[in-house]
Each structure stands twice: as structure tokens, then as C-alpha cells.
Amino acid sequence: MAKENEAISMEIDDKKTDQMNPKFSINVLQLLKSAQMQHGLRHGDYTRYRRYCTARLRRLYKSLKFTHGQGKYNKRAITETTVTEVRYLHVLLYTAERAWSHAMEKRQLPNGPVPCQRIYLIGRLRKAVKWASLFAQLCAVKGDSRTSLEAEAYASFMKGTLLFELEQNWETALMSFKSARAVYEQLGKYGDIENQVLCRERVQELDPNINYCSIKAGKSNIKTSELADMGQMEGPALDLFKAKLEAVMDEARSQQAASMTEFNWLGHRFPVANAKTRVSILKAQELEKDLHGSAAVPAEKKVVMYDKIFAAYHEARGCIRKDLVNAGDTENVKDDLSGLDKAVSAVLGQRTIERNQLLVTIAKSKFSRNRDDKVEKATKPEGLVRLYDLLIQNTSDLSDLVTSRRDSTPEEVAFAEEFELKNQVFRAERCFYLAKSYSLAGKRAEAYVLYSRARSLAESTLQKLKSMSSFDKDIIQDLEVLYNNSRSNICIEHAAGIMEEEKAPEKLTKGVSNISLAEGGNKAKIFLLEKLDVYESSVADPNTKGVPHIEPFPPVFQAVPRNPIVLDIAFNSIEFPSLESRMKKEKKGLISRFWG
């Protein structure tokens, strides 16, 4: 009996301690992911996320009445006895996030952090590790088992991130990332669907960091190209990895650039002396290989890759023009740099045309899609006309650039002729879609003329292309399709115009027959205010062009009684008394008396 009483008293004591020290629950990953996506990290804006963390901490301190003094700063530490509710743990978590986001903000500077900023960056990462470790320690005491596990994984991730940035202790960094990955992998097997998806995404984000640390620690033989494929993934946990990967790729390009001495274009060989120019050109060429090498890349990602190619070539042009300014009076160097600038500009023009053609392909796929599809908006013909305007301008500029010199080589002349023919192809396409826009507007005559013009342009360009042996067969096939579509649309517009002309007298007769000069000739229009007791719509069907009968406009004139006119006719017959006796008389002097 004594043992039973002792056991019962121990259970009661345990219940009392549980009530006094409740276990808090925080879904750490879900909380952080929603905050990051809603406050800037969806677009990689770490400044906005850091400001959100600061504002969130201010609200937490104020609601907890845990401020650090108004005038003089008095530090108030969060200990095990302090944590009486879950918001104290939130304070630690958001403090770590603020320090981490501040470090990542410095990492995202255009030219990378300078040495003094790098010292500050590492200091902020150390602070993030400190607060994350304290958060994990208190969650182990005050939180439930799942919260404690997530906090440990979060602290391990922060520690791995610090060592990753320091480029020291790669084995310790590897162990930290692996422990975080193991926790998220296990947590991804339980809980609701949303939490499982988040944990699996986190595991995928941690894999590139683990592979990179394995390479640096000498425990893996993964190639740099495989790491570059991993760098295509998105996520806040991958931003530091991408920065490191870009640094590795720049280093590899610098080593390759040492062997690159010339830039070949249309049979010309231009020497490239500047190392920065060589690295930028190599970067652009690698991106071009990735772009044209894999056919499985979606069109939207190809557009992003084209933007990176443009940035690389623009950087190369900037370096070349700086060298031109510093070249002085040395004519040979100036000629080489001018030729290199022209070659890089011509390649940039070619890539611009390719990108705009890709945009045309995307727009055409949306144009031919069923217009009832409400998932994605259909392209209007005017959008395609604008894109073809850009292509016509691009081809004209490229032809002018290539033929700008007097002593043009045969290769340059053939290159310019090729793009002049492409210019005619784009003109025919533009004319066709301009006719489409007029047809949709109901202007049959204009559409008929434009379709005829598109057909004649397509026919003349087809004859020129077929006479050439080395030309793209896909362009010829597209032109043949355009020629056939123009012919069929000419017939359709002609028939539609004749039908509308035949129906015009009938419509006119019908309209005139409904006209009446009598007041009650037309059907009486009953407006909304006159039938408030009847449930009948006064607004026309949205699919028709009927006029809504809400209130007549302009409003009907109404007779309004005017104010009476008061005429004061008694004034003329009143005789007023003389007031001369009351008027002040002027005093006259002696001289004025004589002279009046």
C-alpha cells in the first residue's frame, strides 16, 4: 500500500510539474518558410526580409514587455526560467534569422563583399549560430520532441553555413549539413502533406551544399558540371552555394582564359589581351553551349539564360571600350580593338534576334491556343506585331553593323545578305498578323489588302531562299505555311466582305422600318426607377451590346415655376422734403465776400 501511495503521489507531482512547465510546440520549418516567401525571399530580397525580422522582433518585445530600457540599454537575457510562453522562443528564432539575412544581404552585393564587409558578414553569421544554438538548447528543455529536433536541425544548418563561408573545417561543415539533412529526411515521413513537402524540399536544398563540402573534403569525385546542374535549383538555402559555385566557375574560366588568345568571327581573328574580356567571352560561350546543347530546357528558362548571355557580352564590350580609351595613338591596337568590339556587338545582335524569335514562338503557341482556356491569357495579334517590329529593327541594325566598313569581306557580305532575307521574312510575318488584327476589328478591306501584301512578300522571299543552297529549311517551311495561310485568309476576307455588303441594304431597310416620328412609335422604355416593385433586370446581357435602362440620360426637361418679379413703382410718386437747412454752410472770408 505504501508503494502504491508513493507511485500515486509521484504521478500527481509529475502532472503538477507538467502544468507548471508546459511543453511548447513550434513548426520551425513551416514558420520560417512562410515568413521568407511572404517577405522578400521569393525574389531573393534579403534586405526586405531583414527589415521584417526587425519589425517582428520589435512587436514581440513590446507584447512580452521585455524591452531593454528606453534611454540606457540594459541587456535582458533569455534563460530557461525566462521562457514562460512560446513567444520567447520566437524572439530567439527571429534574432538568428535577422543576423543570417543581414549576412546574406552583404553576400549579394554586385561585386561581392570587400574585405571589411566580409569581416562584418562573418560576424553576423557567428551571431546567427550563437542565437540558433541558444534556441536549440531552450527548445530541448521547453519544447516538445518534434520542436527540439527541428531546432537542432536549424542550428546545424547555421553552423554549416558559417563554416561554408569561412572555407575551413570542411569535414565539420559536412557533418553539420548531413545531420540537418537526416532530421529533415525523417520528419518528411510524418505529419501533414504540407510539412512533408517542405521537409523534402529542404533535403533537396541541402544536397548541393553536402556535395560541395564532400568535394572540398576530398570525399567525393563529383564533377563541376554536375554541381552546376544542382545550381539550377531555387531556394534560400542555396544562395550561398550558388555564390561559391560562381566563384569556382570564375576561377575555372580564368584558367581557361589564359589559353584563349583570339576571338574568331567570320574568318577574322581578333587578339584578346585583356583577361577580364577573355573571362566574359568564355562565360557567354559556356552559356551558349548549355543553351543549344540541351533541348529539354523550357522556353522560360531559355529566356533567363539569354539574359545572362547578354550580361556577359555587355561586360566584355565595356572592357573593350575601356581599352580603346586607354589605347592612345597606337593605330594597330586601336584597329584590333575596334574589330573585336564590332565582332562582339555582332554576336550580341545575333543572340538578341534568337531571343526575340524565341519570344515569338512562345507568343504564337499562346495565340493558337483555344481562347476559352482561362488558365493563361491568349496572345493578341498586336503583341506579335510588336515583336516582329523588334526583329525587323534588330536585323537592320545587324546588317548595317556588318557592312559599315568599306572593305567588307565576302563572308561579311554573305552574312549581311542572310539577315536581309530574314528581314523580309519578318516583314511578311508582321504583315500577316497586322492583317489579323484588322480582321478581328471588322475592317475587311484593310485586312484583304494586308493579306495580299503578306502573300506577295512571302512568295518573293521564297523564290530567293530556294535559289540559295545554304539556308535553314525550317524558315522555308514556315514561309510556305505563311503563304498558304495568307491565300486562304484572302478568300475568307473577300467572302466575308461580299456577305456584309449584301446584307447592308437589308439591315438598312430593317433599321429604317423601325424608325417612327410619333412619340409612341418605338417600344416604350421602362427604366429602373419606374419598376422598383418588379424583379426584372435593367442591365443588358454582358455578351450583347444592349443599352442598360437604369435612368434616362440626358434627363428630360421639366417646367419649373420662377420667382415673382417685384416692381418698385411708388418711388417715382413720392415727394421728399428739402434738407438744405440742415446742410453745413461754408464760411467765407473778407476778400471772398467782395469777389463772390
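The numbering scheme is per chain: residues are counted from 1 as the chain's sequence reads. Local features in this predicted model are restricted to residues of pLDDT 70 or higher, and side-chain atom pairs are both shown and tallied only at a pLDDT of 80 or more, whereas totals for entire chains, interfaces and linings draw on every residue. With hydrogens and water set aside, each side-chain value is computed from the structure's full complement of heavy atoms.

- As annotated in an unreviewed UniProt entry, the protein chain carries the name Signal recognition particle subunit SRP68 and comes from Papaver somniferum.

1. A short note on the overall build of the protein chain
At step 1: Helix and strand labels come from DSSP, where a helix needs a run of H or I of at least four residues and a strand needs a run of E of at least two; each type is numbered from the N terminus. Helix and strand counts for the protein chain come out as 18 helices and 2 strands.
At step 2: When each of the 596 residues of the protein chain is scored for burial, the buried share is 36%.
At step 3: Contacts spanning at least 24 positions in sequence make up 65% of the contacts within the protein chain whose residues lie at least 6 apart.
At step 4: For the protein chain, the computed accessible surface area is about 38,600 Å², with 54% contributed by carbon and sulfur atoms. The buried label applies to any residue whose accessible area, calculated with a 1.4 Å probe on protein chains only, is under 20% of its type's maximum; exposed applies above 50%, and partly exposed to all values in between. Contacts are assigned to residue pairs with any non-hydrogen atoms lying within 4.5 Å of each other. Note on areas: Shrake-Rupley with a 1.4 Å probe; residue coverage comes only from the protein chains shown.

2. Points about the packing of helix H2 (residues 28–38) against helix H3 (residues 46–64)
At step 1: Interaxial distance between H2 and H3 falls to 9 Å at its minimum, and their mutual angle equals 125°. Between H2 and H3, the angle falls in the class oblique. Crossing of H2 against H3: the hand is right-handed. On the side of H2, the interface is formed by Leu 32, Ala 35, Gln 36 and Gln 38, while H3 contributes Arg 48, Tyr 49 and Tyr 52. Here an axis means a line fitted to C-alpha atoms, over the contact stretch when the element is a helix, while the angle between two N-to-C directions is reported on a 0 to 180 degree scale. We call two directions roughly parallel when the angle between them is under 35 degrees, roughly antiparallel when it is over 145, roughly perpendicular when it lies between 65 and 115, and oblique otherwise. By convention the crossing between two helices is left-handed if the near helix lies anticlockwise of the far one by an angle smaller than a right angle, and right-handed if it lies clockwise.

3. With respect to unusual backbone geometry
At step 1: Positive phi, normally seen in glycine, also occurs at Lys 65, with a value near 55°.
At step 2: Inspection of the secondary structure puts Lys 65 in the loop between H3 and helix H4 (86–107).
At step 3: Judged by its relative accessible area of 71%, Lys 65 falls in the exposed class.

4. What to know about H2
Every α-helix carries 3.6 residues per turn, so stepping three or four residues along brings you back to the same face.
At step 1: Of all the positions in H2, only Val 28, Leu 29, Leu 32, Lys 33, Ala 35 and Gln 36 are classed as buried. The buried residues of H2 occupy an angular sector of 165° when the element is viewed end-on, so they sit on one face.
At step 2: On its buried face, H2 is in contact with H3, H4, helix H5 (115–142), helix H6 (145–166), helix H7 (170–187) and helix H8 (193–216).
At step 3: Positive phi shows up at Gly 40, right after H2, with a value of about 115°. Note that the arc is defined by the directions from the helix axis to the C-beta atoms.

5. A closer look at the packing of aromatic side chains
At step 1: What counts as a ring pair is set by centres within 6.5 Å for rings of Phe, Tyr and Trp (its six-membered ring), and what kind of pair is set by the plane angle: stacked under 30 degrees, edge-to-face over 60, tilted for all other angles. Taken as a whole and assessed by the stated rule, the structure comprises 19 aromatic pairs.
At step 2: Judged by centre distance (5.4 Å) and plane angle (90°), the rings of Phe 66 and Tyr 88 are edge-to-face. Separated by 22 residues along the polypeptide, Phe 66 in the loop between H3 and H4 and Tyr 88 in helix H4 bring together distant segments of the chain. Judged on exposure class, the residue Phe 66 and its partner Tyr 88 are both buried.
At step 3: Ring geometry for Phe 432 and Tyr 433: centres 5.2 Å apart, planes at 90°, overall edge-to-face.

6. Things to note about a negative patch on the surface
At step 1: The patch calculation keeps residues exceeding 30% relative accessible area without a salt bridge and links them within 9 Å when they carry like charges or within 5 Å when they are nonpolar (Val, Leu, Ile, Met, Phe, Trp, Tyr). Salt-bridge detection follows one rule: a side-chain nitrogen of Lys or Arg within 4 Å of a carboxyl oxygen of Asp or Glu. In this tally, Asp and Glu contribute negative charge and Lys and Arg positive charge; neither His nor the terminal groups of the chain are included. All charge positions are set by atom: Lys at NZ, Arg at CZ, Asp at CG, Glu at CD. Taken together, the side chains of Asp 329, Glu 331, Asp 335 and Asp 336 define an acidic patch exposed on the protein surface.
At step 2: By the element assignment, Glu 331 lies in helix H13 (residues 331–367).
At step 3: Classification of Glu 331 as exposed rests on a relative accessible area of 52%.

7. Quick look at the pattern of salt bridges
At step 1: Inspection of the entire model under this criterion finds 19 salt bridges.
At step 2: The salt bridge involving Glu 205 is made with Arg 202; its shortest N-O contact spans 3.6 Å. On the criterion of helical spacing, the pair formed by Glu 205 and Arg 202 is a turn pair, its members being 3 residues apart in helix H8.
At step 3: Overall, Arg 202 belongs to the buried group, its relative accessible area being 9%.

8. Thoughts on helix H12 (residues 299–326)
At step 1: Taking 1.5 Å as the rise per residue, H12 with 28 residues should run 40 Å; its terminal C-alpha atoms sit 41 Å apart, in good agreement.
At step 2: Looking at H12, one finds that the buried residues are Val 303, Met 305, Tyr 306, Ile 309, Phe 310, Ala 312, Tyr 313, Ala 316, Arg 317, Cys 319 and Ile 320. Each helix should span, by expectation, one fewer than its residue count multiplied by 1.5 Å.

9. Describing the pairing of strand E1 (residues 262–265)
At step 1: Alternating residues of E1 divide into Phe 263 and Trp 265, all buried, and Glu 262 and Asn 264, none buried.
At step 2: Think of it this way: DSSP has to see at least two bridges between two strands before they count as a pair. Counting the residues that bridge the hairpin from E1 to strand E2 (residues 268–271) gives 2 residues, and of these Leu 266 lies at a positive phi of roughly 50°.

10. Describing the packing of H6 against H7
At step 1: Orientation of H6 relative to H7, taken along the N-to-C sense of each, is 150°, at an axis distance of 8 Å. When the axes of H6 and H7 are compared, the pair comes out roughly antiparallel. In terms of crossing hand, the pair formed by H6 and H7 is left-handed. On H7, the residues touching Arg 146, Leu 149, Glu 150, Ala 153, Tyr 154, Ser 156, Phe 157, Lys 159, Gly 160, Thr 161, Leu 163 and Phe 164 of H6 are Trp 170, Thr 172, Ala 173, Ser 176, Phe 177, Ser 179, Ala 180, Val 183, Tyr 184 and Leu 187.

11. Description of the side chain of Glu 97
At step 1: One can find Glu 97 in helix H4.
At step 2: Buried charge without a salt bridge: Glu 97, with Arg 202 as the nearest opposite-charge side chain at an N-O distance of 6.5 Å.
At step 3: At 3.1 Å, the side chain of Glu 97 forms a polar contact with the side chain of Gln 36.
At step 4: In this structure Glu 97 touches Leu 32, Gln 36, Tyr 49, Cys 53, Tyr 154 and Met 158, once residues within four positions along its chain are discounted. Polar contacts, as counted here, are pairs of nitrogen or oxygen atoms within 3.5 Å of one another; within protein the pair requires one atom able to donate a hydrogen and one able to accept it, and residues that are adjacent in sequence qualify only if both atoms are side-chain atoms.

12. Quick notes on the nonpolar core
It is characteristic of soluble globular proteins that their nonpolar side chains tend to be buried jointly.
At step 1: Put simply, buried Ala, Val, Leu, Ile, Met, Phe, Trp, Tyr and Cys residues joined by side-chain atoms within 4.5 Å make one nonpolar core. Of all hydrophobic cores here, the largest spans 63 residues; its most connected members are Phe 263 and Trp 265.
At step 2: When residues of this core are traced back to their parent elements, those giving at least two are E1, helix H11 (275–293), H12, H13, helix H14 (381–402), helix H15 (410–440), helix H16 (444–467) and helix H17 (473–513).
At step 3: Top contributing element to this core by residue count: H13, with 13 residues.
At step 4: Residues within four places of Phe 263 in sequence aside, it is in contact with His 268, Arg 269, Phe 270, Val 272, Ile 281, Gln 285, Leu 340, Ala 343, Val 344 and Val 347.
At step 5: Listed in part, the 44 residues of the second largest apolar core include Ile 26, Val 28, Ile 78 and Cys 139.

13. Looking at the confidence of the model for the protein chain
At step 1: Taken residue by residue, the protein chain gives an average pLDDT of 80. The fraction at 70 or more is 80%.
At step 2: Looking across the protein chain, the model is least confident in helix H9 (residues 224–230), with a mean pLDDT of 47, and most confident in H3, with 92.
At step 3: Along the chain, pLDDT gives the predictor's confidence residue by residue, from 0 to 100. Low pLDDT, under 50, characterises residues 7–19; the predicted model gives this stretch 0 contacts beyond four residues in sequence or across chains.
At step 4: Here residues 224–235 scores under 50 on pLDDT; set against residues more than four positions off or in separate chains, the count is 24 contacts.

14. Side note on the pairing of E2
At step 1: The alternating pattern of E2 places His 268 and Phe 270 on a buried face, while none of Arg 269 and Pro 271, on the opposite face, is buried.
At step 2: Here 4 bridges tie E1 to E2, and the two strands are oriented antiparallel to one another. The residue of E2 that forms the bridge with Trp 265 is His 268.

15. So, the side chain of Asn 489
At step 1: If you trace the backbone, Asn 489 turns up in helix H17.
At step 2: When sequence neighbours within four positions are dropped, the list of residues in contact with Asn 489 reads Phe 432, Lys 436 and Tyr 451.

16. Brief notes about a nonpolar patch on the surface
At step 1: A surface patch of nonpolar side chains, about 480 Å² in accessible area, is lined by Leu 528, Leu 529, Leu 532, Val 539 and Ile 550.
At step 2: The exposure class assigned to Leu 532 is exposed, which follows from its relative accessible area of 63%.

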